[in-house]
Amino acid sequence: MTLGLARAEEAASPIKVIGFYTHAGLYAEFEEPFWTREVPVLSEGRLRPGIVPLDRAGISESELLSFLRLGVVQAATVPLALAAGDDPELSIVDLPGLNPDLLALRRSLAQWRHHLAAVLEERYDIHLLGLLVPTTQVVFCREAFARLRDVAGRRVRVGSVSQGELIEALGGTALIMPLPHVAAAMRDRAIDCAVTGPMPGNRVGLAEVATHVSRLPLSWFVSAMAVNGAVWRGLPEAVRQALQAGAARLERQVIDSAEAGIEDGFACDAGLPRCAGGRRARMIVVDERWDEAERRRLLREVLLPGWVARCGADCARVWNQVAAASQGLWLEP
């Protein structure tokens, strides 16, 4: 080892990174290689990350923002819909029904990025590196259904408050429950349906107890890849620029691969020969798309008002400034 390399290694700061869940594929395929291989190079040897997935980190989603702000964790992938328990404003980019397809989601990410970065910086002293899209969120059910409205009268596991508001508006009963417990709950008939991704659902065993899964995307589980502000400011400007550029490349890779990952999930759920990343099941894939009039009605009457009720009048003004014109939906402050 040369003297220069030895000095760089001595100067490297170890940082603790919390990645995404293992069941989505994002962690193993993208995050772990980025943090362990690319970041040491991009940071010119100043950072030596150690990363663990959220489901093995021993902390809850609700603690991530606080841990990042305090520097207990130096970097993390924060699911925005779950962080919204502390700060509802963060969930707006991924509100159910807001993004009926990947094209609409890309527009929302571009539209809300600057505002989300400002909220994280001003309220939590956290720097936003990127917005990651691991998968879509769809409905699995133990018994047959043909459309989203068929959740009426059924007990549905959801992953966030806003997903619950959608299910309740359609006549279902929403229950928030950790994903690893969902397959057993469905097997025991404690729930009838569950909202999660097509591949995550397969990997946690839902494909073995559910009979039907819908293609209709309720939301996308958008997550913020973020760094503690003090750590970020402690890096030279050239290093910050290199890390930001590397994170932008990672973000593009993740969203560009999302469609293929989603399709592989459905292929495995249906038991098709092309299934690559999961276990072949024998589910029926319900080929449903959003009814545009119904989607807009739910946003106008249920989902946006529910978000404002949790978030406050200032959030209505932010919506009107950022997205109302493009969405054709205005809110009363």
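Anything mentioned here points back to the structure above.
Predicted model, so just to flag it, every value in this text is computed and none were measured.

Caption draft 1: Spotlight on the overall build of the chain. A count of helical and extended segments in the chain gives 13 helices and 11 strands. Each principal axis of the C-alpha distribution contributes one length, and for the chain these read about 65 × 50 × 30 Å. Residues classed as buried in the chain amount to 55% of the 333 residues present. Long-range contacts, defined as pairs at least 24 residues apart, comprise 72% of the intrachain contacts of the chain with a sequence gap of at least 6. On the chain, roughly 14300 Å² of surface is accessible, and the fraction owed to carbon and sulfur atoms is 52%.

Caption draft 2: Expanded view of the pattern of salt bridges. All told, the structure shown has 22 salt bridges when counted by the stated rule. Close ionic contact of E143 with R189 constitutes a salt bridge, the shortest N to O distance being 4.0 Å. With E143 in the loop between β5 (138–141) and β6 (155–158) and R189 in the loop between α7 (182–187) and β8 (193–196), the pair connects residues that are 46 residues apart, well separated along the chain. Judged by relative accessible area, which is 46%, E143 ranks as partly exposed. If you follow the salt bridges from partner to partner, you end up with R142, E143, R155, R189 and D192 in one network.

Caption draft 3: Inspection of helix α12 (residues 313–322) at higher detail. Those residues of α12 not exposed but buried are C315, A316, V318, W319 and N320. Here the buried face of α12 lies against α5 (102–124), α11 (292–311) and α13 (324–327).

Parameters and conventions
Each chain has its residues counted from 1, running along the sequence as written. For this predicted model, a pLDDT threshold of at least 70 governs which residues receive local features, and a threshold of 80 or more governs which side-chain atom pairs are given and counted, while totals over whole chains, interfaces and linings are taken from all residues. Only heavy atoms go into the side-chain values, all of them from the structure, while hydrogens and water stay out. Helix and strand assignments follow DSSP, with helices taken as H or I runs no shorter than four residues and strands as E runs no shorter than two, numbered in order from the N terminus. Exposure categories follow from relative accessible area, calculated using a 1.4 Å probe and restricted to protein chains: below 20% of the type maximum is buried, above 50% is exposed, and the middle band is partly exposed. The contact rule is simple, with two residues in contact once any of their heavy atoms fall within 4.5 Å. Surface accessibility follows the Shrake-Rupley procedure with a 1.4 Å probe radius. Residue values consider only the protein chains on display as shielding. By definition here, a salt bridge exists when the distance from a side-chain nitrogen of Lys or Arg to a carboxyl oxygen of Asp or Glu is within 4 Å.

Purely geometric stuff here, so don't read any function into it on its own.
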